[in-house]
Amino acid sequence: MPRRALRIAESKYDLDALLRNPDDLPAQVTSRSLFGNDRPLEIEVGSGKGLFMQTASGQTPDSNFLGIEIARKYAVAAAVRLARAGRNNAMMVAGNAEPIFQNRIPDGSLAAVHVYFPDPWWKARHKSRRVLNERFIANATRCLQSGGRFHFWTDVLDYFESTIELIATVSPQLGPPIPEEAAAAEHDLDYRTHFERRSRQHAIPVYRVCYYKP
Ligand SMILES: C[S@@+](CC[C@H](N)C(=O)[O-])C[C@H]1O[C@@H](n2cnc3c(N)ncnc32)[C@H](O)[C@@H]1O
């Protein structure tokens, strides 16, 4: 199913505090270095147009949210969404999440990692491009604090099953996946992400799990 064309209104917002390039990130990415406080930090990988970032940062104002989105036009769209909502506890990075997790996020520092509807890379020869690969899963596990959460949702059964197996092998300390339930949507954007909205509106099954680091 193709994505709808993205129209980003000419931004009348100052995005300086809401959009970073990877090179501009501090050597150690933490709540203190990004937001100047010590609130819990949650990271979303592959934020798309930023619905989760907007909703979660509004519902949980005592936490900070960093969205990492490799497609710059989507990172900009998400930052504009955060600006419109007046958020000061959320920020986008336009870049690849993998080296940021590998090099910049301290051990045991994250309250949660969110990965919703990662690109499936359907062709067998492209599956190594999936963001939920062995190295990323090991890094995400290392970066989570004790009690930290790893959320993974997808509508691609093959990706779901192979990732569950990979997590069991790479990060057995996370224990078994805990299913997450879909709540009834109360309004048109009452979904965790745009891809969740699209899947549910087309009656496509969604597989949702969460892991807790002990
Ligand atoms: C299928 S879309 C899902 C977007 C959003 N999570 C949602 O559910 O609506 C996957 C997104 O992940 C982004 N992405 C893919 N690989 C990435 C990476 N290594 N780092 C950051 N973002 C990535 C893509 O650009 C794309 O916007």
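From a predicted model like this one, the values you see are computed outputs, not experimental measurements.

### Details of the site of the ligand
Link 1 in the chain: Residues in contact with the ligand amount to 17 residues; listed here are only the nearest, Gly 46, Glu 69, Asn 96, Tyr 116 and Thr 193.
Link 2 in the chain: A distance of 2.5 Å separates an oxygen atom of the ligand from a polar atom in the side chain of Glu 69.
Link 3 in the chain: At a separation of 2.8 Å, a nitrogen atom of the ligand approaches a polar backbone atom of Tyr 116.
Link 4 in the chain: Compared with its free state, where it exposes 600 Å², the ligand has 92% of that area covered by protein.
Link 5 in the chain: For the ligand, the cavity whose grid points lie within 2 Å of the majority of its atoms is the second largest pocket.
Link 6 in the chain: Mapped by element, the contributors of at least two residues to the shell around the ligand are strand 3 (64-69) and helix 7 (194-201).

### What about the pairing of strand 2 (residues 41-45)?
Link 1 in the chain: Across the 5 residues of strand 2, 5 count as buried, placing the element largely inside the fold.
Link 2 in the chain: The alternating pattern of strand 2 places Leu 41, Ile 43 and Val 45 and Glu 42 and Glu 44 on opposite faces, both of which are buried.
Link 3 in the chain: Where strand 2 meets strand 3, 5 bridges bridge the pair, whose relative direction is parallel. When the bridges of strand 3 are listed, Glu 44 appears paired with Gly 67.
Link 4 in the chain: Note that the unit made of strand 2, helix 2 (residues 51-59) and strand 3 has a crossover that is right-handed.
Link 5 in the chain: Both strand 2 and strand 5 (residues 110-116) contribute to a ladder of 4 bridges, which runs parallel. Note on strand 5: the bridge partner recorded for Glu 42 is Ala 112.

Cut-offs used in this document
- Residues numbered from 1 in each chain as written.
- Predicted model: local features only at pLDDT ≥ 70, side-chain atom pairs only at ≥ 80, totals over all residues.
- Heavy atoms only, no water.
- Near = heavy atom within 4 Å.
- Polar contact = N/O pair within 3.5 Å; in protein donor to acceptor, adjacent residues only side chain to side chain.
- Areas by Shrake-Rupley, 256 points an atom, 1.4 Å probe, with all protein chains shown as cover.
- 1 Å grid on protein atoms, 1.4 Å probe; cavity = no way out; pocket = protein on both sides within 12 Å on 5 of 7 lines; lining within 4 Å.
- Sits in = over half its atoms within 2 Å of the grid points.
- Helix = DSSP H or I, 4+ residues; strand = E, 2+ residues; numbered from the N terminus.
- Buried < 20%, exposed > 50% of the residue type's maximum accessible area, 1.4 Å probe, protein only.
- Pairing = 2+ DSSP bridges.
- Right-handed = clockwise from strand over helix to strand, strands pointing away.

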